[in-house]
Amino acid sequence: MKAEKTLRVCEKGHKYYKSTECPSCPTCDKEMKPESGFLSKLSSPARNALVHEGIDTLPKLSKYTEKEILKIHGIGPASLPTLRTSLEEAGLSFKEK
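The structure contained in this document is the topic of the report that follows. Residue numbers here run from 1 along each chain, matching the order of that chain's written sequence. Predicted model: local features are reported for residues with pLDDT of at least 70 only, side-chain atom pairs are reported and counted for 80 or more only, and whole-chain, interface and lining totals are derived from all residues. With hydrogens and water stripped out, all remaining heavy atoms of the structure feed into the side-chain values.

**Side note on the pattern of salt bridges**
In plain terms, the rule: The salt bridge definition used is simple: a Lys or Arg side-chain nitrogen within 4 Å of an Asp or Glu carboxyl oxygen. Numbering of helices and strands runs from the N terminus; a helix is a DSSP stretch of H or I covering at least four residues, while a strand is a stretch of E covering at least two. Burial here depends on accessible area, computed with a 1.4 Å probe over protein chains only, as a share of the maximum for the residue type. Under 20% is buried, over 50% is exposed, and the range in between is partly exposed.
Taken as a whole and judged by the stated rule, the model has four salt bridges. Lys12 is paired through a salt bridge with Glu31; the nearest N and O atoms lie 3.6 Å apart. Residue Lys12 is found in the loop between strand E1 (6-9) and strand E2 (15-18), and its partner Glu31 is found in helix H1 (residues 26-32); the two are separated by 19 residues along the sequence. Salt-bridge contacts for Glu89 lead to Lys41; the nearest nitrogen and oxygen are separated by 3.7 Å. Here Glu89 is found in helix H5 (residues 80-89), whereas its partner Lys41 is found in the loop between H1 and helix H2 (44-52), with 48 residues between them in sequence. A relative accessible area of 47% means that Lys41 is categorised as partly exposed.

None of the figures reported here should be taken as evidence of function without further support.
Here's what the structure looks like:
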């Protein structure tokens, strides 16, 4: 059974439809997407989840295990290769268990 999409309006006045409780506005997400850095390589849900948790730099990301990152709502297994590669390019890695 599909969830019904409802019309929403964000704080900036953008109108969009969502079938989930996720409050993020697709237009605002596009406007706020960084042009460079590891966050620019992630999907909007993953990027928003990390930023919401205060993880906005690779040194901050390296303080977490992969398992801890996967527990954050909005981060899925598909994000891990991108995160690993970004950390490796900076000479960093996820924290060991």
